[in-house]
Amino acid sequence: MAKNLVIVESPAKAKTIEKFLGKDFQVKSCFGHIRDLDKGDDAIDIQNGFKPKYIIPSDKKAVVDELKSLSGKADQVWLASDEDREGEAISWHLAEVLNLQPSNTKRIVFHEITKPAILKAIENPREIDKNLVDAQQARRLLDRLVGFELSPVLWKKVKPSLSAGRVQSVAVRLVVEREREILSFKSKSYFKVVAEFEFGNKKFKAELSKRYETKEDAMAFLERCKGSDFKVEGVEVKPSVRKPAAPFTTSTLQQEASRKLGYSVSQTMRLAQRLYESGLITYMRTDSVNLSDLAINDSKQEIVKNYGEEFSAPKKYSTKSAGAQEAHEAIRPTYFSNQSAGDDDQQKKLYELIWKRSIASQMSPARIERTEVRISISGISPDDQPKLYFMATGEVIVFEGFLKVYLESKDEVVEEEETESGIMPALKKGDLVKNNLIIATQRFSRPAPRYTEASLVKDLEELGIGRPSTYAPTISTIQKRGYVEKESREGILRNFELLELINDEIKTYTRTENTGAEKNKLFPTDIGSVVTDFLMKNFDHIMDYNFTASVEKEFDEIAEGMQAWTKMLESFYHPFHESVDKTLKISEKVTGERELGAHPKTGLPVFAKIGRYGPMIQVGDGADDVKPVFAKLKKGQSIDTITLEEAVELFALPRTLDEFENKILKVGLGRFGPYIQHDGKFYSLGKEDDPYSVGMDRAVEIILNKRKADAEKEIKVFQNGIKILNGRFGPYINLEKENFKIPKGTDPKNLSLEDCEKIIKDTKDNPKAKTAFKKKKKA
């Protein structure tokens, strides 16, 4: 039996650490938290100082029993969970549940899983930091209190099965407000004027200093350019320096992995967790941009070796956030000499991103030479010339510096980028340049872009909402609970005008472009919007951005021992509880109802609203004993934007197409989606098929394809109900609701009824090698 027992959260982490320790150490995983808050109403004893009631889940009891046995036999127990508050709480729960004694229990922390880091941690153990535990416990209990009290209010006042949370509801508010800002935005058109010039056989572009609001103004300008000379009025060369970005924090890693690799926030954290547990990167939940002296020296060696001494510029970065929770070290490779690492392509891509960002942060700034050339127009009046001119800009990289390795990406921008050239021709004041063409293009102003997961994380961090450990769970939660959807949507075609001046002749064109297309953007659902409005009206304090950020600061104060967690909860809970009681008593049920108008045929009122099962359209209000009828909205439709015509169209189902094989063929919409009904049978439409427009030919094709698939599925059918079928994983025997594997090497076509009965009997009589499996029921 090993003298030392090391307990960590995951098997992967245990496996890596075990490689660095000798035979005297046994490393075991506790598989995360071994205790949870009780799910009952008495989980938090509010009257007794908010005392929590913890339970050991059934799936953790075997783990607890094993760890109790091993810890009782060990001379020393080392609690090696992660170094953040969550990890500290895990160690505290272990000490409590396993009844560990302080005399032979030590807490060790490290921000990378390498042999030097592990051995250094063992040489410098400490006690469990109760302040960190209290901060984590305060967060957990506060969020439980908010969710536990707010959710029933939503069930009664909005819709059953809804939930609310301190951070998640504020995150949804951000998405809802951005969507409304976009929908209310009124786009204005303008004309951007760009000229192509030539000097010394080198072409370059320049943009006019003014943009015109109307086509007529742009046309008038082009008329004045006919026969004009274009002269260089000034050349200015501006040297500049571009500095590298700091190493990754949790937030910036999530943002950059989204921009460069297309990873979701949760995917990034899952991959980073694996890289960390494999000993390849430092701890991935951190607010800090600091690098250790050892890391700075190692990166310098790698930079000098690969790029040369002039590319090395070691530097320390400081964390801007005053409340940084994990102020230990930025996310970086454990060994800079490993330029590639990871078990699969996704891990390798993320590791490469981390390596490049870390290395670039320690490299020299790039030196840029920016040239600006001002070009006058002789056809313009002297009074207008000082403010109406063409400006050409060129940018040349004099020294690459960190750009040789890495350039940080940017979020989607609203404004268009400037028209830039690369290397400009050698121009001086007074030079005449040849004009090849001038184009005035109609452009349109745009609203702020919809959120991506990464840009939402950025705003949450800037507002002080949440911490590194909460970003990914928050964004996953608001999507899982149906408040926000991540979607890609096709754009719409839009005409724009283009005016072109060539050889003193103006031509006008109408062109078409696609606009409004969205890829992996966050859209609020109708439920998300209605819940946000309800919470803003009744719990504006909870929904306030400043309040949510101030709570985070209070957690920081608890972690630093500056505030008692029970007092913090007490000051929050009682006013909050009073507002919950008040809302339950006086607020009315909300549905987000919007009257669209009168039905064109019946004259009955048409409403868009939230019903028991989600967004819907209602025709009729129950007056004059006329029973209302209801229809679900299509995907992509919203109760806030749907029109009367679109709402009426939803009642077009079921619709009759024609006869097929002397039987009527209908298209309808059921509980499990759109379908075709024919001769008493139902055939599901594919995702690409619109039930409102699918035609006769396509409907018949779906029926025939289903018949063919069914025929090919049945290999043999016996009278007693036994069937031999083709399945996704090969042929199998079916009897009622059970399926049975056919032995390898057996031709299913040659099986008799007796053969099938024997396979079924042998399977049931041999439970150790049982291969029967229940058919899955539809959810």
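So, here is what we can say about the structure in this document. For every chain, the first residue of the written sequence is number 1, and numbering continues from 1 onward in sequence order. Residue-level local features of this predicted model are given only where pLDDT is at least 70; pairs of side-chain atoms are given and counted only at 80 or more, and the full residue set underlies all totals for whole chains, interfaces and linings. By convention in this description, side-chain values take in all heavy atoms of the structure and omit both hydrogens and water.

### Quick word on the sheet that holds strand β7 (residues 76-79)
To summarise the sheet geometry, strands pair through backbone hydrogen bonds and adopt either a parallel or an antiparallel arrangement. Being paired, for any two strands, means DSSP has found at least two bridges between them. Only DSSP runs of H or I covering at least 4 residues are called helices, and only runs of E covering at least 2 are called strands; the numbering of each starts at the N terminus. If you walk across this open sheet you meet the four strands as β2-β1-β7-β8, and the pairing is parallel. One side of each edge strand has no neighbouring strand; the edge strands of this open sheet are β2 (25-29) and β8 (105-107). Going across the sheet, the axis of each strand differs from the next one's by a mean of 20°, ignoring polarity. In what follows, a contact means two residues having at least one pair of non-hydrogen atoms within 4.5 Å. Working convention: axes come from line fits to C-alpha atoms, limited for helices to the stretch in contact. Angles between N-to-C directions cover 0 to 180 degrees. In the packing of helix α2 (residues 61-73) onto the sheet, the strands contacted are β1 (4-8), β2 and β7, and the crossing angle to β2 comes to about 165°.

### Quick word on the pairing of strand β26 (residues 673-678)
Inspection of the sheet shows strand β25 (residues 663-670) paired to β26 by six bridges, in the antiparallel sense. The residue of β26 that forms the bridge with G670 is G673. Where β25 folds back on β26, the antiparallel hairpin that results is connected by two residues. The pairing of β26 with strand β27 (residues 681-684) spans four bridges and is antiparallel. What sits directly across from Y675, in β27, is S684. Where β26 hands over to β27, the hairpin turn is made up of two residues, of which D679 adopts a positive phi near 55°.

### Concerning the nonpolar core
One recurring pattern in soluble globular proteins is that nonpolar side chains are buried together. Joining through side-chain atoms within 4.5 Å is the link that ties buried Ala, Val, Leu, Ile, Met, Phe, Trp, Tyr and Cys residues into a set, and such a set is a nonpolar core. Partly exposed residues are those whose accessible area sits between 20% and 50% of the maximum for their type, while under 20% is buried and over 50% is exposed, using a 1.4 Å probe and protein chains only. Within the largest apolar cluster, 140 residues are counted, with the highest numbers of intra-cluster contacts made by F110 and L350. Per-element accounting of this core gives the leading share, 11 residues, to helix α5 (residues 130-157). Contact partners of F110, with chain neighbours within four places excluded, come to K13, I17, A80, E83, A117, I118, A121 and Y276.

### Here we look at a negative patch on the surface
Taken together, E595, D621, D624 and D625 make up a surface patch of like negative charges. Take D621: it is sitting in the loop between β22 (614-619) and β23 (629-632). Of the residues examined, D621 reaches a relative accessible area of 47% and is grouped as partly exposed. Residues forming no salt bridge and having over 30% relative accessible area are the ones grouped into patches, like charges within 9 Å of each other and nonpolar side chains (Val, Leu, Ile, Met, Phe, Trp, Tyr) within 5 Å. Only the protein chains shown count as cover for residues, with accessible areas throughout obtained via the Shrake-Rupley method and a probe of 1.4 Å. For this analysis, a salt bridge means a side-chain nitrogen from Lys or Arg found within 4 Å of a carboxyl oxygen belonging to Asp or Glu. The sign given to each residue is positive for Lys and Arg and negative for Asp and Glu; His and the chain ends receive no count. Throughout, a charge is located at the NZ atom of Lys, the CZ atom of Arg, the CG atom of Asp or the CD atom of Glu.

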